[in-house]
Amino acid sequence: MTTTQVRATCPHDCPDTCALLITVEDGVATEVKGDPDHPTTAGVLCTKVARYAERTYHEERLLHPMKRVGKKGEGKFARISWDEALDTISARLKDIAARDPQAILPYSYCGTMGLVQGESMSLRFFHQLGASLLDRTICASAGATGYKYTIGGSIGTDMEQFQDARLIIIWGGNPIASNLHFWTRAQEAKRRGARLIAIDPYRSLTAEKCHQHIALLPGTDSALALGMMHVLIRDDLLDHDYIARHTLGFAQLKDRAAEWTPERTATTCGISAGEVVNLAREYGAAAASSGGAAAIRVNYGVQRVRGGGMAVRAIACLPALVGAWRHPAGGIQLSSSGTFPTNKPKLQRPDLLNGRRARTINMTTIGDDLLKDSSPEFGPKVEAVIVYNANPVAIAPDSGKVMRGFEREDLFTVVMEHFQTDTADYADILLPATTQLEHVDTHTSYGHLYMMANNAAIAPMGEAKANTEVFRLLAARMGFNAPIFRETDDELAAQAFDKTHPRAVHFDWESLKRTGWQKLNMPAAPFAEGGFPTPSGKCEFYSDTMLADGLDPLPAYIAPYESIASNPQLAAKYPLAMISPPARNFLNSTFVNVKSLRSAEGEPHLDIHPHDAAARGIAHGDMARIFNDRGTFVARARVTDKARQGLVVGLSVWWKKLVTDGKNANEVTSQRLTDMGRAPTFYDTLVEVQKHAA
Ligand SMILES: Nc1nc2c(c(=O)[nH]1)N[C@H]1C(S)=C(S)[C@@H](COP(=O)(O)OP(=O)(O)OC[C@H]3O[C@@H](n4cnc5c(=O)[nH]c(N)nc54)[C@H](O)[C@@H]3O)O[C@H]1N2
Ligand SMILES: Nc1nc2c(c(=O)[nH]1)N[C@H]1C(S)=C(S)[C@@H](COP(=O)(O)OP(=O)(O)OC[C@H]3O[C@@H](n4cnc5c(=O)[nH]c(N)nc54)[C@H](O)[C@@H]3O)O[C@H]1N2
Ligand SMILES: [Mo]
């Protein structure tokens, strides 16, 4: 028997991007474990990825190309050859492209975060074709945009510093579920005496373990940040020297914050004025204490509402006010992704559009857009969708419309997948994709600062092919003959980082493959001496760029689309706010079909406060029907004060076909976009709940 150990990287959409060691015995992956030497992974994997081999060798893996033989959505397929599959696809795409290539839409997101199997050869192909562009904004772009206006880019506190903080505010995040290796650091800080405060409408697994939990109303975070500013300024808990040297617009910010008294803040956020005052005082004091560090871990939970971009912007102003950036463990982290000097234009070649107009379709509005006819504003009706690294029928909002779109008889749908997901059921052609154990890739991270390599550990299962290979083969059939359409995955990976950038000068693909990971060159405290990558080089409390973009140049509170305060008429019909954050044992909709993980989650649940349940005659364990004008789904009620009054929580994202009513939380979520970043508003949803007669 030959046994080898292969260095790999977790491909999933999670900030932790763990370094993996794969044990391979006679060509079979027998163990997937965390690299003990990688500083953030530290030998520990989450329950999901510890089962990566179970997922890879799952008996339901797609192993051959197939064509649809039943009705759309029915999921009946017959095996075909790769030649037949690729010939069918290329013939259809040529036919559509001859009329208007913009009628072809790629739909992809972060099934893998790899720079190679994500968007490299795929976009070269679609750019050359002149297909519609996709706004890949379904997750993080509201917050990223708000952060960028303020700080200049997705750069923040190094995750490896948080254990030295005196105070950690976990703001709109549930790291025990979604950022485990950060939680390890937060717990270490706690052992060393730090205070942990969670700001979350829901008493999540994480909020439960913090010293304090501030359960504000969803979508009111920017008001809370403005209220904190009010108190910091009023009580002079500021770092005047840092403000003078490294910030822009303090005088204007001061006027704005003056409007946000603790009382007004408390009313808007549905909390007490004391909570506002104490939070600000603790934050100011932690930053000012000798050797003290006040850290904020802000996550994406705050930005899935109408004012999501502003919320992150307002929160991102706080560290500069108190000089928290001076300490390596102080400051704020939203995402580390902007620290990586990637070479996306080289991988994706947008220049291949060659001056042609390509309209952009937003991932979040796929429900409406698949149902639109050709028009001057919209452009041509969508005639073909190529789905890879995504499961839109489960994860996109206003799901009833998404399904109706994919049901269109005149729509040609190709799905590249590991499994027959809810979306795969609508495919005309279904193609088997390789998993991370079967292909090569390279990764950044949005939590840590390491460039990562993934070697292929095993041969492709069945006839599965890597995404890149499918697009190479399609390119050849379309007559795209330039050498860039033949580059191998190793050649692509070698171009992934910009070696001329000081942070990545040591990048060398062959050596990264051997070592598995390498840290970027970054100072321990990125903005201790200012140097923000904004237009002014300062932390911008006031932003001319925002003004030019038609936005309020100062931090502001933007009420949700759907809340009792902002939309009383709608709330009269649908009085409960619903959020649907990730379940611990799933990764978006990935892993829902892995039995051990699905049984750990049990079934779809709806957490509802005892008062709200009693008012509706719902008892713990009853089936509940959750509905609004967009749709309806059922879940088992858990009567618990983890959900504050007026809020219901349905952890997500379930596969529709694996639950009794064939529906999930996205039946009721809306396609409306955020204030900036063209992002979704999953947590900006009013519903009513009834007892469901089973
Ligand atoms: N186990 C697991 N891990 C994951 C994922 C998964 O599905 N499962 N998904 C991955 C992906 S794609 C992402 S983007 C991240 C997401 O992970 P996070 O960035 O942590 O964001 P969410 O999980 O959306 O929300 C985090 C918390 O925000 C709370 N929240 C909801 N609305 C509000 C609000 O208005 N204000 C405040 N302050 N809090 C609010 C929710 O109750 C939740 O507890 O996790 C990644 N990691
Ligand atoms: N209600 C509600 N909806 C949500 C969210 C929420 O919190 N609540 N979260 C939203 C967020 S933050 C996000 S990021 C999106 C995520 O939405 P998606 O990015 O669509 O994420 P997944 O559901 O994990 O689907 C990814 C699919 O890619 C496939 N895949 C993985 N690797 C490969 C590969 O190498 N090749 C190919 N061809 N396929 C591969 C997997 O098998 C999986 O089915 O969902 C959003 N939807
Ligand atoms: Mo996400």
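Residues numbered from 1 in each chain as written. Chains lettered and ligands numbered in written order. Predicted model: local features only at pLDDT ≥ 70, side-chain atom pairs only at ≥ 80, totals over all residues. Heavy atoms only, no water.

A.B. asks: Before we go on, may I ask you to explain the pairing of strand β22 (residues 576-579) in this structure?
C.D. replies: Each regular strand shows side chains that alternate between the opposite faces of the sheet. Burial along β22 is two-sided: Leu576 and Met578 and Ala577 and Ile579, pointing in opposite directions, are all buried. Note that β22 and strand β27 (residues 686-691) share two bridges and pair antiparallel. Residue Leu576 lies in a different strand from β27, and its bridge partner there is Val687. In terms of strand pairing, β22 meets strand β26 (residues 647-649) through three bridges, oriented parallel. Bridge pairing links Ala577 to Leu647 in β26. (Buried < 20%, exposed > 50% of the residue type's maximum accessible area, 1.4 Å probe, protein only. Helix = DSSP H or I, 4+ residues; strand = E, 2+ residues; numbered from the N terminus. Pairing = 2+ DSSP bridges.)

A.B. asks: Could you clarify how one ought to interpret the sheet that holds strand β19 (residues 450-454) in this entry?
C.D. replies: In a beta sheet, neighbouring strands pair by backbone hydrogen bonds and run either parallel or antiparallel. Spatially, three strands are ordered β18-β19-β20 in an open sheet, and the strand pairing comes out antiparallel. In the strand order of this sheet, the two ends are held by β18 (441-443) and β20 (517-519), each with one partner. The mean inter-strand angle of the sheet, taken between neighbouring strand axes irrespective of direction, is 15°. Across three bridges, β19 lies against β20 in antiparallel orientation. (Axes fitted to C-alpha atoms, helices over the stretch in contact; angles between N-to-C directions.)

A.B. asks: Where do I start with the site of ligand 2 in this structure?
C.D. replies: The local shell around ligand 2 holds 30 residues, among which Arg55, Glu417, Ser589, Thr590 and Asn666 are the closest. The contact in question runs from a nitrogen atom of ligand 2 to an N or O atom on the side chain of Asn389, over 3.1 Å. For ligand 2, the protein covers 97% of the area, taking 920 Å² as the surface of the free molecule. Of the residues contributing to the shell around ligand 2, the split by class is twelve nonpolar, 14 polar and four charged. A domain split of the shell around ligand 2 shows at least three residues from each of domain 2 (66-132 + 358-442 + 454-500) and domain 4 (568-691). (Near = heavy atom within 4 Å. Polar contact = N/O pair within 3.5 Å; in protein donor to acceptor, adjacent residues only side chain to side chain. Areas by Shrake-Rupley, 256 points an atom, 1.4 Å probe, with all protein chains shown as cover. Nonpolar A, V, L, I, M, F, W, Y, C, P; charged D, E, K, R; others polar. Domains from an automatic or database assignment.)

A.B. asks: Honestly, the site of ligand 1 in this entry has me stumped. Any pointers?
C.D. replies: Neighbouring ligand 1 are 33 residues, the closest being Asp200, Asp221, Phe586, Asn588 and Tyr683. A distance of 2.7 Å separates a nitrogen atom of ligand 1 from a polar atom in the side chain of Asp221. For ligand 1, a nitrogen atom lies 3.3 Å from a polar atom in the backbone of Ala583. Alone, ligand 1 offers 900 Å² of accessible surface; in the complex the protein occludes 98% of this. Taken together, the residues of the shell around ligand 1 break down into 18 nonpolar, nine polar and six charged.

A.B. asks: In this structure, what is going on with the sheet that holds strand β12 (residues 294-298)? I would like to understand it.
C.D. replies: Reading across from one edge, β10-β9-β8-β12-β13 is the order of the five strands in this open sheet, with parallel pairing throughout. Taken across any chain shown, the strands that pair with only one partner, and hence form the sheet edges, are β10 (212-214) and β13 (331-333). Direction aside, the axes of adjacent strands within the sheet are offset by 20° on average. Bridging between β12 and β13 involves three bridges; their strand directions are parallel. Within β13, the residue paired with Ile296 across the bridge is Ile332. Each of β8 (167-171), β9 (195-199) and β12 touches helix α6 (residues 180-191); the most contacted strand, β8, lies at about 145° to it. (Contact = heavy atoms within 4.5 Å.)

Coordinates in, geometry out; function isn't part of it.
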